[in-house]
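Chain by chain, the residues:
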Amino acid sequence: MNVTAKLRETIRELFSADKVDVFLAWEEGSLPMSSTPLFITDGAQADRAIFDPRCGNNLSVYFTKDSRQFRGKRVGIAVKGCDARSLVLNIQENQVLRDMVVIVGVPCNGVIDGKKIRRRTGGKQVTEVMENGDSVTLKGPEFSITLDRSEVLSSSCLRCVHPDATEYDVFLGEARAEVGNENRRKALDEVEALSSAQRWERTRKEYEKCIRCYACRNVCPSCYCSECFVDQNDPQWIGGTCDVTDTVIFHLIRNLHVAGRCVECGACARACPMDIDLLLLNLKTAEEIKKRFGDTAGIRIDGRPVMAEFREDEKQEFIMG
Amino acid sequence: MNKEFVPRITSFLCKWCSYTGADLAGTSRLQYSASIIPIQVMCSSRVDPVFLLKAYLSGSDGVLLGGCHPGDCHYETGNYHTRRRFAIVREVFESLGLESDRLRLSWISASEGPKFARIANEFTEEIRLLGENPTRKSIFL
């Protein structure tokens, strides 16, 4: 039985046992290679749910962005490894009650990034996709192209170390624990090797592209302040232009606000219309936090988020005087 | 024209310790660098990273954050959170190409007027050696 069939079966069971009022999953999108979030309120609709590499959306964002719709409801949710970490973080931060959610983990081997595909096909419409081991064949009217899986996967997935949920009620298959990932290490080594001037060059090159659409913020399950600092106008923290002078404030401060809370789901990078590598900085921050404080966002369900914790005897070599 | 470089150091000082320490330095008539521009905050953990970045990008040559000694926080744990956050802030600011020596955190208690004066002078001297904040020379980065 494939994952989609198992997922549908699980949803049906949850509704017939009256364990959930609503279930969040993915369904077929209106275009090929796309999927859409799906809210199921009745077990009979279970057959609309799917799970495959198109299902990139991190559904736990609905708990923080528009949570009123779930007030008093028991919510079932299908989660990949990263989505589960978001959910754990939201539970730690008291945005979701653990008793009110039924977490269904799905085994994930990475999701595709539509932007990468569009770049490779030159924006031509893909109507058919065939997966064959490590290669993917895309077909459309008058063209056919075969790519390696790594060329179409989201860059966050290529650097993923937690492919499967660490906290779940039901898991559709065998949940893997933390895995090693040399791509992640390589990306970090590259950044760490840069001199301070080179780093600024890199920062500038990336954030110059930003058009301040805030898609990254809006799609981020960890970004849920009712008023973001970029929207405040008294005091105004950040100018209104798309010049790097302003965009760099937005990105660095956003990075710091989600420090120790970013689960590297890559939703921001997939949402970015300008193709900024938004995750690299977060990766670096997460690594530093792990090195210093020995914790990773969204892994333990007990306790508090790493940046809300402290130890009295922490290293403080940077203190003056 | 060769004008002597006088650094401008924005300082966020916690009301209960560092600011009171600065006050003590003043009432004790200690001489300390006039480069320090103090801003009182209720707790050092009240300082969001955006304050530090804004101060830097608005032309401060250095940014000083002052709080109570660990264990002495008026709110019991505020400065522990500051310390944890500050370690990460320094890390992230490096991607700005900013020398993280321009950004300092110090523990100064209410009774440490002389220490405040010393830190103020030392930091001013350090910044004088580092030179002007490079972003001051341009309107846009």
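Residues numbered from 1 in each chain as written. Chains lettered and ligands numbered in written order. Predicted model: local features only at pLDDT ≥ 70, side-chain atom pairs only at ≥ 80, totals over all residues.

## Re the overall build of chain A
The condition is simple: In this text, helices come from DSSP runs of H or I with a minimum length of four residues, and strands from runs of E with a minimum of two, each type numbered from the N-terminal end. Here the contact rule is simple: place C-beta atoms from the backbone, and any two residues whose C-beta atoms are within 7 Å are in contact.
For chain A, the helix and strand inventory stands at 12 helices and 10 strands. Across its three principal axes, chain A shows a C-alpha extent of roughly 65 × 50 × 40 Å. When contacts within chain A are restricted to residue pairs at least 6 apart in sequence, long-range pairs at least 24 apart make up 69% of them.

## Notes on the overall build of chain B
How we decide: Here the globule rule reads 2.2 Å times residues to the power 0.38, and the radius of gyration is calculated from C-alpha atoms. Exposure classes come from backbone-placed C-beta atoms, where a residue is buried if 20 or more other C-beta atoms lie within 10 Å of its own, exposed if 12 or fewer do, and partly exposed in between.
Within chain B, the secondary structure is distributed over 4 helices and 4 strands. Reading the helices (α) and strands (β) of chain B from amino to carboxyl end gives β-α-β-α-β-α-β-α. What you see for chain B is a C-alpha radius of gyration of 15 Å, in line with the 14 Å of a compact globule of 141 residues. A total of 141 residues make up chain B; the buried ones form 52% of that total. Within chain B, contacts between residues separated by at least 24 positions form 81% of all contacts whose residues are at least 6 apart in sequence.

## Describing the sheet that holds strand β7 (residues 135-140) of chain A
Two modes of strand pairing occur in sheets, parallel and antiparallel, and in both the strands are linked by backbone hydrogen bonds. Residue and element names in this part refer to chain A. Going by this rule: In this description, strands pair whenever DSSP reports at least two bridges between them. As a rule, the C-alpha atoms of each element are fitted with a line to give its axis, helices using only the stretch in contact, and angles between N-to-C directions run from 0 to 180 degrees.
Reading across from one edge, β6-β7-β8 is the order of the 3 strands in this open sheet, with antiparallel pairing throughout. Looking along the sheet, the strands with just one partner apiece sit at the ends: β6 (128-132) and β8 (143-148). Strand-to-strand twist of the sheet, defined as the mean angle between neighbouring strand axes without regard to direction, takes the value 15°. Pairing between β7 and β8: 6 bridges, direction antiparallel. Among the inter-strand pairings, V136 is bridged to a residue of β8, identified as L147.

## Let's talk about the interface of chain B and chain A
The criterion, for reference: Residue classes follow a fixed rule: Ala, Val, Leu, Ile, Met, Phe, Trp, Tyr, Cys and Pro count as nonpolar, while Asp, Glu, Lys and Arg count as charged, and any other residue, Gly among them, counts as polar.
Each partner contributes residues to the interface: chain B has 31 residues there, and chain A has 32 residues. Where the side of chain B that touches chain A is concerned, the elements lending two or more residues are α2 (49-57), α3 (78-93), β4 (103-107) and α4 (113-130) of chain B. A breakdown of the residues in the side of chain B that touches chain A according to their chemical character gives 17 nonpolar, 5 polar and 9 charged. Of the strand pairs in this sheet, strand β10 (residues 319-320) of chain A and β4(B) are connected by 2 bridges, and their pairing is parallel. Counterpart to A:I319 in the pairing with β4(B) is B:L105.

## Here we look at the environment of A:S67
The topology assignment puts A:S67 in the loop between α2 (61-65) and β4 (75-79). A:S67 sits 149 residues away from A:C216 along the chain, and the two C-alpha atoms are 19 Å apart.

## Here we look at α4(B)
The criterion, for reference: How far a helix is expected to stretch is found by multiplying one less than its residue total by 1.5 Å. Picture the helix axis, draw a direction to every C-beta atom, and the arc is the one those directions span.
The terminal C-alpha atoms of α4(B), which comprises 18 residues, lie 26 Å apart, in line with the 26 Å expected from a rise of 1.5 Å per residue. When we look at burial in α4(B), the residues that qualify are B:G113, B:F116, B:A117, B:I119, B:A120, B:F123, B:T124 and B:I127. Considered in projection along α4(B), the buried side chains sweep an arc of 165° and stay on one side of the axis. Contacts made by the buried residues of α4(B) are with β10 of chain A together with β1 (9-14), α1 (18-27), β2 (36-41), β3 (62-67) and β4 of chain B.

## Section: unusual backbone geometry
Residue and element names in this part refer to chain A. The omega angle of the peptide bond from D234 to P235 is 5°, so this bond is cis rather than trans. Examined against the element boundaries, P235 turns out to sit in the loop between α9 (215-219) and α10 (244-257). The phi torsion at R212 lies on the positive side, around 55°, for a residue other than glycine. As for its position among the elements, R212 is in the loop between α8 (196-207) and α9. Within the chain, E264 stands out as a residue other than glycine whose phi angle is a positive 60°. Position of E264 relative to the elements: it lies in the loop between α10 and α11 (267-271).

## As for the confidence of the model for chain B
Residues and elements named next belong to chain B. Applied cut-off: As a per-residue measure, pLDDT reflects the predictor's confidence and takes values from 0 up to 100.
Averaged over all residues, the pLDDT of chain B is 91; the fraction at 70 or higher stands at 96%. Averaged over each element, pLDDT in chain B is lowest for α2 (91) and highest for β1 (97). Confidence estimates for the predicted assembly give a pTM of 0.90 and an ipTM of 0.90.

## Some remarks on the packing of α10(A) against α3(B)
Formally: Oblique is the label for any angle not under 35 degrees, not over 145, and not in the 65 to 115 range, which are roughly parallel, roughly antiparallel and roughly perpendicular in turn. Take the far helix as the reference: if the near one is turned anticlockwise from it by less than a right angle, the crossing is left-handed, and if turned clockwise, right-handed.
Two numbers describe how α10(A) lies on α3(B): the axes approach to 10 Å, and their chain directions differ by 150°. Here α3(B) runs roughly antiparallel to α10(A), going by the angle between their axes. The interaxial crossing formed by α10(A) with α3(B) has right-handed handedness. Within the contact between the two elements, α10(A) uses A:L252, A:N255 and A:L256 and α3(B) uses B:I88, B:V89 and B:V92. Partitioned by chemical class, the residues of the contact of α10(A) with α3(B) number 5 nonpolar, 1 polar and no charged.

## Some points on the sheet that holds β1(B)
Pairing in this open sheet of 5 strands is parallel, and the strands run β10(A)-β4(B)-β3(B)-β1(B)-β2(B) from one edge to the other. With one partner strand each, in any of the chains shown, β10 of chain A together with β2 of chain B form the two edges of the open sheet.

## Describing the nonpolar core
All names here are of chain A. Basically, it comes down to this: Each nonpolar core consists of buried Ala, Val, Leu, Ile, Met, Phe, Trp, Tyr and Cys residues. Their C-beta atoms, within 7 Å, join them into a set. As used throughout, domain bounds are those supplied by an automatic or database domain assignment.
With 120 residues, the main nonpolar core has I11, A25, A49, I77, A78 and V79 as its most contacted residues. Among the domains, domain 1 (3-113 + 153-306) and domain 2 (114-152) are the pair contributing at least three residues each to this core. Residue contacts for I77: discarding those within four places in its chain leaves L24, L59, S60, L87, V101, I103 and V104.

## Let's talk about the packing of helix α7 (residues 182-192) of chain A against helix α12 (residues 279-293) of chain A
Residues and elements named next belong to chain A. Running from N to C, α7 and α12 point in directions that differ by 95°, and their axes come no closer than 10 Å. Considered as vectors, α7 and α12 are oriented roughly perpendicular to each other. Facing R184, A187, L188 and V191 of α7, the residues of α12 in contact are L280, L283, K284 and E287. Its residues assigned to classes, the contact of α7 with α12 comprises 5 nonpolar, no polar and 3 charged.

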